[in-house]
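# Inside the fold
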Amino acid sequence: MTEEDVLSEFRASGALLEGHFKLSSGRHSAHYLQCARVLMNPERAGRLARAICANIPREIRAEIDTVVSPAMGGIIIGHEVGRCLEKDAMFLERPEGEFYFRRGFSLEPGAKVLMVEDVVTTGLSSREAIEAVAREGGEVVAECALVDRSAGEANLGVPFYPLIAINFPTYADDEVPAELAAIPVSKPGSRKE
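Residues numbered from 1 in each chain as written. Predicted model: local features only at pLDDT ≥ 70, side-chain atom pairs only at ≥ 80, totals over all residues. Heavy atoms only, no water.

### Re unusual backbone geometry
- Cis rather than trans, the peptide bond between Ala71 and Met72 has omega equal to 5°.
- Within the element layout of this structure, Met72 appears in the loop between strand E3 (66–70) and helix H5 (74–85).
- With a phi angle near 60°, Glu86 is a residue other than glycine that sits in the positive phi range.
- Tracing the backbone through its elements, the reader meets Glu86 in the loop between H5 and strand E4 (89–93).
- Although it is not a glycine, Arg103 sits at a positive phi angle of roughly 60°.
- By the secondary structure assignment, Arg103 is in the loop between strand E5 (100–101) and strand E6 (112–120).
- On the accessibility criterion, Arg103 (59% relative accessible area) is exposed. (Helix = DSSP H or I, 4+ residues; strand = E, 2+ residues; numbered from the N terminus. Buried < 20%, exposed > 50% of the residue type's maximum accessible area, 1.4 Å probe, protein only.)

This is the structure we're talking about:
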């Protein structure tokens, strides 16, 4: 899939939103990618997952024992990437602020893990999820995502393979331009702070 193909999938599903958004990273943006909408169609989610998998080098794909995603955003795409790679897919949750496995999920000691996210903005959630896998005895060998919004700045400590990079400007609370500040802010993500 080309970048335009991927963006077409977002547009066709109404997942590319415009307005004033507060991202889960705490930053503000005039654009929001609602990955849940782009992934709500199983055929589309499967196409995107196959494109993600094709983007991961063969030698890394050969190492992977299991796929792990942080809840909520990464669950669907993580499951579809697991299907594509023919690997089990689990997810981490953070009901009290720190990621950990629940629902009977666990890793074999030394398991090689592919971390799968929907969108990476600052990389903080990814790094926290990678640390959780290490606490559980696994090793994240790479991360992939539908979208890298970090402008190439996310340092995850592992190889990172986003399907596309979209560099919409983001702003700290004290940097929001007047024209954006004039629009009521919404927080469409799943994380409450």
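Here the narrative resumes.
### Section: the side chain of Thr170
- Inspection of the secondary structure assignment puts Thr170 in strand E9 (residues 170–171).
- A polar contact of 2.9 Å, which involves the side chain of Thr170, links it to the side chain of Arg27.
- Sequence-distant contacts of Thr170, that is, excluding residues within four places in its chain, are made with Leu23, Arg27, His28, Ser29 and Arg149. (Polar contact = N/O pair within 3.5 Å; in protein donor to acceptor, adjacent residues only side chain to side chain. Contact = heavy atoms within 4.5 Å.)

### Quick word on the packing of aromatic side chains
- Per the stated rule, a full pass over the model turns up two aromatic pairs.
- Their ring planes at 40° and their centres at 5.7 Å tell us that Phe21 and Tyr32 sit as a pair that is tilted. In this pair, Phe21 is assigned in strand E1 (residues 16–22) and Tyr32 in strand E2 (residues 28–33), connecting sequence segments eleven residues apart.
- Relative to Phe105, the ring of Phe91 lies with its centre 5.1 Å away and its plane at 80°, an arrangement referred to as edge-to-face. With a gap of 14 residues between them, Phe91 in strand E4 and Phe105 in the loop between E5 and E6 connect regions that are remote in the sequence.
- The class for Phe91 is buried, based on a relative accessible area of 17%. (Phe/Tyr/Trp six-rings, centres within 6.5 Å; stacked < 30°, edge-to-face > 60°.)

### A short note on the packing of helix H3 (residues 42–55) against H5
- At a minimum axis separation of 8 Å, H3 and H5 run at an interaxial angle of 65°. The handedness of the crossing between H3 and H5 is right-handed. Two secondary-structure elements touch here, H3 through Ala45, Gly46, Leu48, Ala49, Arg50, Ile52 and Cys53 and H5 through Ile76, Ile77, Glu80, Val81, Cys84 and Leu85.
- When the residues that make up the contact of H3 with H5 are grouped by side-chain class, the tally is ten nonpolar, one polar and two charged. (Axes fitted to C-alpha atoms, helices over the stretch in contact; angles between N-to-C directions. Left-handed = near helix turned anticlockwise from the far one by under 90°. Nonpolar A, V, L, I, M, F, W, Y, C, P; charged D, E, K, R; others polar.)

### Some points on the sheet that holds strand E8 (residues 160–165)
- Spatial strand order, E5-E4-E3-E6-E7-E8: six strands in an open sheet with mixed pairing. Two strands bound the open sheet, and with one partner strand each, they are E5 and E8.
- In this fold helix H1 (residues 3–12) packs onto strand E7 (139–148) and E8, with an angle of close to 70° to the strand it touches most, E8.
- Those strands touched by helix H6 (residues 124–135) are E3, E4, E6 and E7, and its axis lies near 160° from that of E6. (Pairing = 2+ DSSP bridges.)

### Observations regarding the sheet that holds E9
- Here three strands make up an open sheet; going across it, the order is E1-E2-E9 and the pairing antiparallel. The open sheet has two edge strands, E1 and E9, and neither has a second partner.
- Bridging between E1 and E2 involves five bridges; their strand directions are antiparallel. Pairing of Leu16 across the sheet is with Leu33, part of E2.

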